[in-house]
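Spelled out from the first residue to the last, the chains are:
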Amino acid sequence: MAVRSQKDEYFDELETMSPAAREKYLDEKLTEAVKHAYRHAPAVKKLFDGAGISPDQIRMVKDLEKLPVTRKTDLLEMQKENLPYGGVAAIPLEDIERVFISPGPIYEIQPSSIKWFARSFWAAGFRKGDVVINTFTYHMSPAGILFHEGIRDCGATVVVAGTGNTDLQIQIMKDLKVTGFVGTPSFLMTVIQRAEEMGLDIKRDLSLKRAWFTGEMLPPSLRKTFEGDYVIDTYQAYAVTEPGGAIAYECHRKSGMHLMDEYVTEIVDPETGKQLGPSEIGEIVTTQLYNKNWGLIRFGTGDLSSYITEPCPCGRTAHRITGIVGRAGDAVKVRGMFVVARQAEQAIMSFSQVARYQLIVGRRQHRDEMTLRLELKDTSADKAKLAEGINKKFQDTCRIKIDKIEFAEAGSISEKQQGITDERKWE
Ligand SMILES: [Zn+2]
(Lines give C-alpha, C1' and ligand atoms only; values in the text may rest on other atoms or scores of the structure.)
Protein backbone atom coordinates (compact mmCIF):
# COMPACT_ATOMS: atom_id res chain seq x y z
CA MET A 1 0.00 0.00 0.00
CA ALA A 2 1.18 3.51 -0.77
CA VAL A 3 2.26 5.58 2.21
CA ARG A 4 -0.66 7.70 3.29
CA SER A 5 -0.50 11.11 4.83
CA GLN A 6 -2.40 12.03 7.97
CA LYS A 7 -4.65 14.44 6.14
CA ASP A 8 -5.81 12.21 3.28
CA GLU A 9 -9.54 12.23 3.50
CA TYR A 10 -10.22 9.05 1.56
CA PHE A 11 -8.49 5.73 1.91
CA ASP A 12 -8.46 4.93 -1.80
CA GLU A 13 -9.85 6.06 -5.13
CA LEU A 14 -12.70 3.53 -5.12
CA GLU A 15 -14.48 5.54 -2.44
CA THR A 16 -15.13 8.44 -4.82
CA MET A 17 -15.85 6.59 -8.09
CA SER A 18 -18.61 8.07 -10.22
CA PRO A 19 -21.87 6.09 -10.18
CA ALA A 20 -21.28 4.96 -13.77
CA ALA A 21 -17.73 3.84 -13.00
CA ARG A 22 -18.94 1.93 -9.94
CA GLU A 23 -21.66 0.19 -11.89
CA LYS A 24 -19.15 -0.92 -14.51
CA TYR A 25 -16.64 -1.95 -11.83
CA LEU A 26 -19.15 -4.07 -9.92
CA ASP A 27 -20.61 -5.68 -13.04
CA GLU A 28 -17.16 -6.66 -14.29
CA LYS A 29 -15.98 -8.00 -10.94
CA LEU A 30 -19.21 -9.93 -10.51
CA THR A 31 -18.98 -11.55 -13.94
CA GLU A 32 -15.41 -12.58 -13.22
CA ALA A 33 -16.16 -13.93 -9.72
CA VAL A 34 -19.18 -15.94 -10.88
CA LYS A 35 -17.29 -17.54 -13.77
CA HIS A 36 -14.40 -18.56 -11.55
CA ALA A 37 -16.66 -19.95 -8.85
CA TYR A 38 -18.77 -21.90 -11.36
CA ARG A 39 -15.68 -23.51 -12.80
CA HIS A 40 -13.97 -24.40 -9.51
CA ALA A 41 -16.60 -24.68 -6.78
CA PRO A 42 -18.95 -27.70 -7.10
CA ALA A 43 -21.61 -26.02 -4.93
CA VAL A 44 -21.76 -23.05 -7.28
CA LYS A 45 -22.18 -25.29 -10.32
CA LYS A 46 -25.00 -27.06 -8.50
CA LEU A 47 -26.58 -23.71 -7.63
CA PHE A 48 -26.57 -22.59 -11.26
CA ASP A 49 -27.72 -25.95 -12.61
CA GLY A 50 -30.53 -26.00 -10.05
CA ALA A 51 -31.68 -22.55 -11.17
CA GLY A 52 -31.37 -23.63 -14.80
CA ILE A 53 -28.99 -20.85 -15.81
CA SER A 54 -25.40 -20.58 -17.01
CA PRO A 55 -22.72 -18.19 -15.69
CA ASP A 56 -22.96 -16.20 -18.95
CA GLN A 57 -26.37 -15.08 -17.84
CA ILE A 58 -24.92 -13.12 -14.90
CA ARG A 59 -23.65 -9.94 -16.54
CA MET A 60 -24.83 -7.33 -14.09
CA VAL A 61 -26.03 -6.96 -10.52
CA LYS A 62 -29.68 -7.18 -11.55
CA ASP A 63 -29.05 -10.65 -13.02
CA LEU A 64 -28.34 -12.03 -9.55
CA GLU A 65 -32.10 -12.29 -9.02
CA LYS A 66 -31.98 -15.38 -11.21
CA LEU A 67 -30.20 -17.24 -8.41
CA PRO A 68 -31.64 -18.28 -5.06
CA VAL A 69 -30.43 -16.81 -1.78
CA THR A 70 -28.17 -19.07 0.31
CA ARG A 71 -28.61 -18.71 4.05
CA LYS A 72 -26.55 -19.63 7.07
CA THR A 73 -28.62 -22.77 7.64
CA ASP A 74 -28.09 -23.83 4.00
CA LEU A 75 -24.36 -23.33 4.32
CA LEU A 76 -24.34 -25.37 7.52
CA GLU A 77 -26.15 -28.24 5.78
CA MET A 78 -23.91 -28.01 2.71
CA GLN A 79 -20.80 -28.28 4.85
CA LYS A 80 -22.21 -31.09 6.96
CA GLU A 81 -22.87 -33.10 3.81
CA ASN A 82 -19.62 -32.23 2.14
CA LEU A 83 -16.81 -31.45 4.54
CA PRO A 84 -14.84 -29.32 4.94
CA TYR A 85 -16.20 -26.42 2.87
CA GLY A 86 -19.46 -27.68 1.39
CA GLY A 87 -18.17 -27.32 -2.17
CA VAL A 88 -17.95 -23.55 -1.81
CA ALA A 89 -14.15 -23.35 -1.91
CA ALA A 90 -12.89 -22.72 -5.44
CA ILE A 91 -9.24 -23.33 -4.64
CA PRO A 92 -6.94 -26.34 -4.09
CA LEU A 93 -7.00 -27.08 -0.35
CA GLU A 94 -3.24 -26.67 0.02
CA ASP A 95 -3.46 -23.08 -1.26
CA ILE A 96 -5.90 -21.93 1.42
CA GLU A 97 -4.26 -19.26 3.57
CA ARG A 98 -6.51 -19.12 6.61
CA VAL A 99 -9.66 -20.67 7.96
CA PHE A 100 -12.20 -19.19 10.35
CA ILE A 101 -14.86 -21.02 12.30
CA SER A 102 -18.34 -19.60 12.87
CA PRO A 103 -20.91 -21.12 15.20
CA GLY A 104 -22.38 -24.22 13.62
CA PRO A 105 -19.52 -24.95 13.05
CA ILE A 106 -19.19 -23.30 9.66
CA TYR A 107 -15.77 -23.10 8.07
CA GLU A 108 -14.78 -20.08 5.99
CA ILE A 109 -11.60 -19.42 4.09
CA GLN A 110 -9.89 -16.14 3.43
CA PRO A 111 -6.72 -14.82 1.87
CA SER A 112 -4.45 -12.76 4.13
CA SER A 113 -3.51 -9.12 3.50
CA ILE A 114 -6.84 -7.49 2.82
CA LYS A 115 -5.96 -3.83 2.38
CA TRP A 116 -9.36 -2.43 1.48
CA PHE A 117 -10.78 -3.38 4.84
CA ALA A 118 -8.91 -0.46 6.40
CA ARG A 119 -11.31 1.96 4.68
CA SER A 120 -13.76 1.77 7.56
CA PHE A 121 -11.07 2.53 10.17
CA TRP A 122 -9.69 5.32 8.01
CA ALA A 123 -13.13 6.90 7.72
CA ALA A 124 -13.39 6.71 11.53
CA GLY A 125 -10.21 8.77 11.79
CA PHE A 126 -7.66 6.16 12.89
CA ARG A 127 -4.18 7.31 11.93
CA LYS A 128 -0.50 6.80 12.72
CA GLY A 129 0.04 7.91 16.29
CA ASP A 130 -3.17 6.32 17.55
CA VAL A 131 -2.95 3.44 20.00
CA VAL A 132 -5.97 1.22 19.37
CA ILE A 133 -7.18 -1.54 21.67
CA ASN A 134 -8.78 -4.38 19.69
CA THR A 135 -11.23 -6.13 22.02
CA PHE A 136 -12.61 -8.56 19.44
CA THR A 137 -11.66 -12.19 19.79
CA TYR A 138 -8.63 -13.46 17.92
CA HIS A 139 -9.93 -17.02 18.26
CA MET A 140 -11.84 -18.78 15.51
CA SER A 141 -13.78 -15.73 14.29
CA PRO A 142 -12.24 -13.44 11.64
CA ALA A 143 -12.91 -10.31 13.73
CA GLY A 144 -9.67 -10.11 15.72
CA ILE A 145 -7.11 -10.59 12.99
CA LEU A 146 -9.09 -8.82 10.26
CA PHE A 147 -9.62 -5.69 12.32
CA HIS A 148 -6.05 -5.86 13.58
CA GLU A 149 -4.74 -5.69 10.03
CA GLY A 150 -7.16 -2.93 9.07
CA ILE A 151 -6.04 -0.76 11.98
CA ARG A 152 -2.41 -1.38 11.04
CA ASP A 153 -3.11 -0.40 7.42
CA CYS A 154 -4.14 3.02 8.75
CA GLY A 155 -0.74 3.31 10.43
CA ALA A 156 -2.01 3.03 14.00
CA THR A 157 -0.58 0.81 16.75
CA VAL A 158 -2.74 -2.15 17.80
CA VAL A 159 -3.03 -3.48 21.32
CA VAL A 160 -3.86 -7.18 21.01
CA ALA A 161 -6.33 -7.39 23.85
CA GLY A 162 -9.09 -9.74 22.72
CA THR A 163 -12.31 -10.21 24.68
CA GLY A 164 -13.09 -10.12 28.37
CA ASN A 165 -11.05 -9.26 31.46
CA THR A 166 -12.51 -5.80 31.91
CA ASP A 167 -10.26 -4.70 34.80
CA LEU A 168 -7.11 -5.56 32.92
CA GLN A 169 -8.40 -3.86 29.78
CA ILE A 170 -8.94 -0.68 31.80
CA GLN A 171 -5.41 -0.84 33.20
CA ILE A 172 -4.01 -1.38 29.70
CA MET A 173 -5.99 1.58 28.37
CA LYS A 174 -4.65 3.76 31.14
CA ASP A 175 -1.03 2.55 31.04
CA LEU A 176 -0.68 2.64 27.25
CA LYS A 177 -2.68 5.84 26.81
CA VAL A 178 -5.02 4.09 24.40
CA THR A 179 -6.73 6.57 22.05
CA GLY A 180 -8.96 4.19 20.08
CA PHE A 181 -11.36 1.43 21.04
CA VAL A 182 -12.44 -1.34 18.67
CA GLY A 183 -15.19 -3.64 19.97
CA THR A 184 -18.90 -3.79 20.65
CA PRO A 185 -20.80 -0.79 22.05
CA SER A 186 -21.96 -2.85 25.02
CA PHE A 187 -18.41 -3.82 25.93
CA LEU A 188 -17.26 -0.19 25.83
CA MET A 189 -20.16 0.66 28.14
CA THR A 190 -19.11 -2.15 30.48
CA VAL A 191 -15.55 -0.79 30.46
CA ILE A 192 -16.72 2.74 31.23
CA GLN A 193 -19.03 1.66 34.04
CA ARG A 194 -16.33 -0.49 35.61
CA ALA A 195 -13.69 2.24 35.26
CA GLU A 196 -16.01 4.65 37.07
CA GLU A 197 -16.58 2.09 39.82
CA MET A 198 -12.81 1.93 40.18
CA GLY A 199 -12.82 5.68 40.75
CA LEU A 200 -11.53 6.76 37.35
CA ASP A 201 -12.70 9.83 35.50
CA ILE A 202 -12.98 8.72 31.87
CA LYS A 203 -12.17 12.11 30.36
CA ARG A 204 -9.32 12.86 32.75
CA ASP A 205 -7.71 9.47 33.37
CA LEU A 206 -8.10 7.82 29.97
CA SER A 207 -7.01 9.10 26.54
CA LEU A 208 -9.90 7.58 24.60
CA LYS A 209 -10.91 9.74 21.63
CA ARG A 210 -12.65 7.44 19.19
CA ALA A 211 -14.39 4.10 19.04
CA TRP A 212 -15.21 1.76 16.17
CA PHE A 213 -18.02 -0.69 16.64
CA THR A 214 -19.46 -3.68 14.91
CA GLY A 215 -21.24 -6.89 15.90
CA GLU A 216 -24.25 -5.22 17.43
CA MET A 217 -26.37 -2.17 16.88
CA LEU A 218 -25.43 1.18 18.35
CA PRO A 219 -28.67 2.70 19.62
CA PRO A 220 -28.82 6.50 19.19
CA SER A 221 -29.24 6.93 22.96
CA LEU A 222 -26.02 5.06 23.67
CA ARG A 223 -24.15 6.98 20.96
CA LYS A 224 -25.30 10.18 22.63
CA THR A 225 -23.92 8.96 25.96
CA PHE A 226 -20.52 8.09 24.49
CA GLU A 227 -20.19 11.28 22.48
CA GLY A 228 -21.89 13.71 24.85
CA ASP A 229 -20.88 12.50 28.29
CA TYR A 230 -17.48 10.99 27.49
CA VAL A 231 -16.42 12.87 24.32
CA ILE A 232 -15.67 9.65 22.43
CA ASP A 233 -16.26 9.96 18.70
CA THR A 234 -18.13 6.81 17.60
CA TYR A 235 -18.33 4.97 14.28
CA GLN A 236 -20.00 1.77 13.27
CA ALA A 237 -19.53 -0.80 10.56
CA TYR A 238 -21.70 -3.63 9.41
CA ALA A 239 -19.80 -6.90 9.16
CA VAL A 240 -20.85 -10.42 8.24
CA THR A 241 -18.68 -13.42 9.00
CA GLU A 242 -19.57 -15.95 6.30
CA PRO A 243 -18.61 -13.82 3.30
CA GLY A 244 -15.65 -12.58 5.34
CA GLY A 245 -15.70 -8.94 6.28
CA ALA A 246 -17.25 -5.54 6.72
CA ILE A 247 -19.80 -4.80 4.06
CA ALA A 248 -20.55 -1.20 5.01
CA TYR A 249 -19.06 1.54 7.17
CA GLU A 250 -19.88 4.96 8.51
CA CYS A 251 -18.17 8.18 7.52
CA HIS A 252 -18.02 11.26 9.76
CA ARG A 253 -21.53 12.29 8.68
CA LYS A 254 -22.86 9.21 10.51
CA SER A 255 -25.93 9.00 8.39
CA GLY A 256 -26.02 5.46 7.05
CA MET A 257 -23.14 3.16 6.17
CA HIS A 258 -21.36 3.32 2.80
CA LEU A 259 -21.23 0.02 0.96
CA MET A 260 -17.83 -1.53 0.29
CA ASP A 261 -17.02 -2.14 -3.37
CA GLU A 262 -15.67 -5.59 -2.60
CA TYR A 263 -19.24 -6.84 -2.35
CA VAL A 264 -22.38 -6.69 -4.35
CA THR A 265 -24.91 -5.90 -1.67
CA GLU A 266 -28.58 -6.25 -2.49
CA ILE A 267 -31.62 -5.47 -0.38
CA VAL A 268 -34.20 -8.10 -1.25
CA ASP A 269 -37.61 -9.34 -0.31
CA PRO A 270 -36.72 -12.26 1.98
CA GLU A 271 -39.63 -14.30 0.62
CA THR A 272 -38.96 -13.92 -3.11
CA GLY A 273 -35.31 -12.88 -3.33
CA LYS A 274 -36.27 -9.99 -5.64
CA GLN A 275 -34.26 -6.77 -5.36
CA LEU A 276 -35.98 -3.85 -3.68
CA GLY A 277 -35.65 -0.15 -4.41
CA PRO A 278 -34.17 2.66 -2.30
CA SER A 279 -35.70 3.06 1.18
CA GLU A 280 -37.58 -0.23 1.01
CA ILE A 281 -36.87 -2.52 3.93
CA GLY A 282 -35.61 -5.97 3.03
CA GLU A 283 -32.94 -8.53 3.77
CA ILE A 284 -29.29 -7.72 3.17
CA VAL A 285 -27.96 -10.21 0.64
CA THR A 286 -24.32 -10.08 -0.27
CA THR A 287 -21.97 -11.55 -2.84
CA GLN A 288 -18.32 -11.00 -2.19
CA LEU A 289 -16.04 -10.11 -5.06
CA TYR A 290 -12.61 -9.72 -3.47
CA ASN A 291 -11.98 -13.40 -2.81
CA LYS A 292 -12.96 -15.29 -5.91
CA ASN A 293 -11.98 -18.54 -4.20
CA TRP A 294 -14.96 -18.42 -1.86
CA GLY A 295 -17.99 -19.10 -3.99
CA LEU A 296 -20.63 -17.81 -1.64
CA ILE A 297 -23.06 -16.19 -4.04
CA ARG A 298 -26.08 -14.28 -2.73
CA PHE A 299 -25.53 -14.94 0.94
CA GLY A 300 -28.63 -13.97 2.89
CA THR A 301 -27.58 -12.30 6.11
CA GLY A 302 -31.02 -12.39 7.70
CA ASP A 303 -30.54 -8.74 8.69
CA LEU A 304 -33.15 -6.27 7.59
CA SER A 305 -32.18 -2.84 6.29
CA SER A 306 -32.75 -0.44 3.40
CA TYR A 307 -30.47 1.65 1.21
CA ILE A 308 -30.30 5.28 0.22
CA THR A 309 -28.90 6.68 -3.00
CA GLU A 310 -28.67 10.39 -2.16
CA PRO A 311 -25.08 11.70 -2.43
CA CYS A 312 -23.34 11.92 0.96
CA PRO A 313 -21.77 15.29 1.84
CA CYS A 314 -18.56 13.45 2.82
CA GLY A 315 -17.81 12.93 -0.88
CA ARG A 316 -17.88 9.14 -0.81
CA THR A 317 -20.10 8.01 -3.63
CA ALA A 318 -21.14 4.49 -2.64
CA HIS A 319 -24.76 3.98 -1.66
CA ARG A 320 -25.47 3.79 2.04
CA ILE A 321 -27.46 1.26 3.99
CA THR A 322 -29.43 2.51 6.95
CA GLY A 323 -29.19 0.70 10.28
CA ILE A 324 -30.25 -2.88 10.88
CA VAL A 325 -33.91 -2.91 11.78
CA GLY A 326 -34.47 -6.53 12.54
CA ARG A 327 -33.98 -10.15 11.57
CA ALA A 328 -35.60 -11.89 8.66
CA GLY A 329 -34.79 -15.44 9.67
CA ASP A 330 -34.87 -17.54 12.73
CA ALA A 331 -31.53 -16.47 14.12
CA VAL A 332 -31.14 -13.59 16.53
CA LYS A 333 -27.96 -11.70 17.21
CA VAL A 334 -27.16 -11.55 20.89
CA ARG A 335 -24.09 -9.63 22.09
CA GLY A 336 -22.72 -9.81 18.57
CA MET A 337 -23.25 -13.57 18.17
CA PHE A 338 -25.93 -15.27 16.14
CA VAL A 339 -28.08 -17.62 18.14
CA VAL A 340 -29.67 -19.90 15.58
CA ALA A 341 -33.06 -21.08 16.81
CA ARG A 342 -32.53 -24.65 15.74
CA GLN A 343 -29.16 -24.90 17.45
CA ALA A 344 -30.57 -23.42 20.64
CA GLU A 345 -33.43 -25.90 20.52
CA GLN A 346 -31.10 -28.83 20.00
CA ALA A 347 -28.98 -27.83 22.98
CA ILE A 348 -31.89 -27.24 25.36
CA MET A 349 -34.11 -30.13 24.30
CA SER A 350 -31.24 -32.63 24.50
CA PHE A 351 -32.10 -32.68 28.23
CA SER A 352 -34.94 -35.16 28.59
CA GLN A 353 -36.28 -33.46 31.74
CA VAL A 354 -37.31 -30.38 29.72
CA ALA A 355 -40.93 -30.25 28.54
CA ARG A 356 -40.97 -26.75 27.04
CA TYR A 357 -38.73 -23.74 26.91
CA GLN A 358 -38.78 -20.06 26.08
CA LEU A 359 -35.55 -18.19 25.45
CA ILE A 360 -36.13 -14.48 25.95
CA VAL A 361 -33.65 -11.97 24.55
CA GLY A 362 -33.94 -8.67 26.37
CA ARG A 363 -31.78 -5.66 26.97
CA ARG A 364 -30.68 -4.15 30.25
CA GLN A 365 -28.33 -1.22 30.67
CA HIS A 366 -27.28 -1.36 27.01
CA ARG A 367 -26.39 -5.03 27.19
CA ASP A 368 -28.22 -7.95 25.57
CA GLU A 369 -29.44 -10.44 28.12
CA MET A 370 -30.81 -13.94 27.67
CA THR A 371 -33.27 -15.51 30.05
CA LEU A 372 -34.25 -19.13 29.63
CA ARG A 373 -37.62 -20.19 31.04
CA LEU A 374 -38.04 -23.93 31.46
CA GLU A 375 -41.04 -26.11 32.04
CA LEU A 376 -40.04 -29.53 33.36
CA LYS A 377 -41.63 -32.92 32.87
CA ASP A 378 -40.51 -33.94 36.32
CA THR A 379 -40.43 -31.14 38.88
CA SER A 380 -38.44 -33.22 41.35
CA ALA A 381 -35.32 -32.96 39.16
CA ASP A 382 -32.22 -31.28 40.65
CA LYS A 383 -32.82 -27.81 39.20
CA ALA A 384 -29.44 -26.24 39.98
CA LYS A 385 -27.60 -29.13 38.38
CA LEU A 386 -29.90 -29.15 35.38
CA ALA A 387 -29.52 -25.38 34.86
CA GLU A 388 -25.76 -25.71 35.00
CA GLY A 389 -25.76 -28.60 32.52
CA ILE A 390 -28.03 -26.81 30.08
CA ASN A 391 -26.01 -23.62 30.20
CA LYS A 392 -22.80 -25.51 29.55
CA LYS A 393 -24.32 -27.39 26.63
CA PHE A 394 -25.79 -24.14 25.29
CA GLN A 395 -22.42 -22.40 25.51
CA ASP A 396 -20.67 -25.27 23.76
CA THR A 397 -23.23 -25.19 20.94
CA CYS A 398 -24.03 -21.49 20.56
CA ARG A 399 -20.81 -20.01 22.00
CA ILE A 400 -22.71 -17.64 24.26
CA LYS A 401 -23.89 -17.85 27.85
CA ILE A 402 -27.47 -17.68 29.08
CA ASP A 403 -27.70 -15.00 31.79
CA LYS A 404 -30.59 -16.40 33.78
CA ILE A 405 -32.43 -19.72 33.92
CA GLU A 406 -35.87 -19.73 35.48
CA PHE A 407 -38.22 -22.63 36.14
CA ALA A 408 -41.82 -22.01 35.15
CA GLU A 409 -45.04 -23.64 36.38
CA ALA A 410 -46.36 -26.51 34.29
CA GLY A 411 -48.54 -25.14 31.49
CA SER A 412 -47.24 -21.57 31.73
CA ILE A 413 -45.30 -21.68 28.45
CA SER A 414 -47.69 -21.96 25.53
CA GLU A 415 -46.83 -23.80 22.35
CA LYS A 416 -46.66 -20.46 20.55
CA GLN A 417 -44.11 -19.13 23.04
CA GLN A 418 -41.79 -22.11 22.65
CA GLY A 419 -38.58 -20.89 21.00
CA ILE A 420 -36.77 -17.56 20.96
CA THR A 421 -38.57 -14.35 21.87
CA ASP A 422 -36.75 -11.14 21.02
CA GLU A 423 -38.02 -8.43 23.32
CA ARG A 424 -35.36 -5.83 22.56
CA LYS A 425 -36.42 -2.36 21.53
CA TRP A 426 -33.94 -0.21 19.62
CA GLU A 427 -34.53 3.44 20.40
ZN1 LIG B 1 -20.39 9.73 3.75
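For clarity, every value in this text was computed on a predicted model and none was experimentally measured.

### Thoughts on the overall build of the protein chain
Next up, step 1: Looking only at helices and strands, one finds 11 helices and 22 strands in the protein chain.
Next up, step 2: Against the 2.2 N^0.38 benchmark of 22 Å for 427 residues, the protein chain shows a C-alpha radius of gyration of 22 Å, consistent with a compact globule.
Next up, step 3: C-alpha extents for the protein chain along the principal axes are approximately 70 × 60 × 45 Å.
Next up, step 4: Looking at the protein chain as a whole, 54% of its 427 residues are labelled buried.
Next up, step 5: At a minimum sequence separation of 6, the contacts of the protein chain that also span at least 24 residues come to 65%.
Next up, step 6: Total accessible area on the protein chain is roughly 19,200 Å²; 51% of this is exposed by carbon and sulfur atoms.
Next up, step 7: The positive charge centre, built from 57 side chains, and the negative charge centre, built from 60, are 2 Å apart in the protein chain.

### Description of the coordination of the zinc ion
Next up, step 1: Those protein atoms acting as donors to the zinc ion are Cys251 (SG), His258 (NE2), Cys312 (SG) and Cys314 (SG), and they sit at 2.1 to 2.2 Å.
Next up, step 2: One can describe the site at the zinc ion as tetrahedral: its 4 donor atoms subtend angles covering 105 to 112° at the metal.

### What about unusual backbone geometry?
Next up, step 1: Of the consecutive residues leucine 83 and proline 84, the connecting peptide bond is found in the cis state with omega at 5°.
Next up, step 2: Glycine 104 connects to proline 105 through a cis peptide bond whose omega is -5°.
Next up, step 3: Secondary-structure assignment places proline 105 in the loop between strand E2 (98–102) and strand E3 (106–110).
Next up, step 4: For arginine 298, which is not glycine, the phi torsion reads 55° and is therefore positive.
Next up, step 5: Relative to the helices and strands, arginine 298 resides in the loop between strand E12 (282–288) and strand E13 (299–305).
Next up, step 6: With a relative accessible area of 1%, arginine 298 lands in the buried category.
Next up, step 7: Its identity as a non-glycine residue notwithstanding, glutamine 365 has a phi of 50°, on the positive side.

### Looking at the sheet that holds strand E8 (residues 233–240)
Next up, step 1: With mixed pairing, the 9 strands of this open sheet are ordered in space as E5-E4-E6-E7-E8-E9-E10-E15-E14. Each edge of the sheet is formed by a strand with only one pairing partner; in this case those strands are strand E5 (157–160) and strand E14 (307–308).
Next up, step 2: Summarising the sheet, strand E6 (residues 180–183) and strand E7 (residues 210–213) pair through 4 bridges and their orientation is parallel. Opposite phenylalanine 181, over in E7, you have alanine 211 as the bridge partner.
Next up, step 3: Helix H5 (residues 143–153) rests against strand E4 (131–134), E5, E6, E7 and strand E9 (245–249) of the sheet, and its axis sits at about 155° to E5.

### Re the pairing of strand E11 (residues 263–268)
Next up, step 1: The element E11 is extensively covered by neighbouring structure, given that 6 of its 6 residues are classed as buried.
Next up, step 2: In the sheet, E11 pairs with E12 via 6 bridges, with the strands oriented antiparallel. Note that in E12 the partner of tyrosine 263 across the bridge is glutamine 288.

### Quick look at the side chain of glutamine 358
Next up, step 1: Looking at the secondary structure, you find glutamine 358 in strand E19 (residues 354–364).
Next up, step 2: Judged by its relative accessible area of 5%, glutamine 358 falls in the buried class.
Next up, step 3: Excluding anything up to four places from it in sequence, glutamine 358 contacts Thr371, Leu372, Arg373, Ile413, Gln417, Gly419 and Thr421.

### Thoughts on the pattern of salt bridges
Next up, step 1: Applying the stated criterion across every chain yields a total of 30 salt bridges.
Next up, step 2: Within the structure, one salt-bridge network assembled from shared partners comprises Arg210, Arg223, Glu227, Asp233, Glu250 and Lys254.

### A few points about helix H3 (residues 72–81)
Next up, step 1: Of the residues making up H3, those classed as buried are Lys72, Leu75, Leu76 and Gln79. Viewed end-on, H3 has its buried residues packed into an arc of 100°, placing them on one side of the element.

### Some words on the side chain of arginine 98
Next up, step 1: Mapped onto the fold, arginine 98 is located in strand E2.
Next up, step 2: At 3.3 Å, the side chain of arginine 98 and the side chain of glutamate 149 are in polar contact.
Next up, step 3: Ignoring anything within four residues of it in the chain, the contact list for arginine 98 reads Glu108, Ile109, Gln110, Pro111, Ser112, Ile114, Ile145, Leu146 and Glu149.

### Considering the sheet that holds strand E22 (residues 419–422)
Next up, step 1: Strand order in the open sheet formed by 4 strands is E21-E20-E19-E22, with mixed pairing between adjacent strands. What marks the edges here is a single partner per strand, and that holds for strand E21 (404–407) and E22. Direction aside, neighbouring strands of the sheet carry axes that sit 20° apart on average.
Next up, step 2: Bridging between E19 and E22 involves 4 bridges; their strand directions are parallel. Opposite leucine 359, over in E22, you have isoleucine 420 as the bridge partner.
Next up, step 3: Relative to the sheet, helix H10 (residues 341–349) contacts E19, strand E20 (367–376) and E22, its axis offset from that of E19 by approximately 130°.

About the thresholds
- Residues numbered from 1 in each chain as written.
- Predicted model: local features only at pLDDT ≥ 70, side-chain atom pairs only at ≥ 80, totals over all residues.
- Heavy atoms only, no water.
- Helix = DSSP H or I, 4+ residues; strand = E, 2+ residues; numbered from the N terminus.
- Rg over C-alpha atoms; globule rule 2.2 N^0.38 Å.
- Buried < 20%, exposed > 50% of the residue type's maximum accessible area, 1.4 Å probe, protein only.
- Contact = heavy atoms within 4.5 Å.
- Areas by Shrake-Rupley, 256 points an atom, 1.4 Å probe, with all protein chains shown as cover.
- Lys, Arg positive; Asp, Glu negative; His and termini not counted.
- Charge placed at Lys NZ, Arg CZ, Asp CG, Glu CD.
- Donors = N, O, S within 2.8 Å, 3.2 Å for Na, K, Ca; no water.
- Tetrahedral: all angles 85-135°; square planar, octahedral: opposite > 155°, others 65-115°.
- Pairing = 2+ DSSP bridges.
- Axes fitted to C-alpha atoms, helices over the stretch in contact; angles between N-to-C directions.
- Salt bridge = Lys/Arg side-chain N within 4 Å of Asp/Glu carboxyl O.
- Arc of directions from axis to C-beta.
- Polar contact = N/O pair within 3.5 Å; in protein donor to acceptor, adjacent residues only side chain to side chain.

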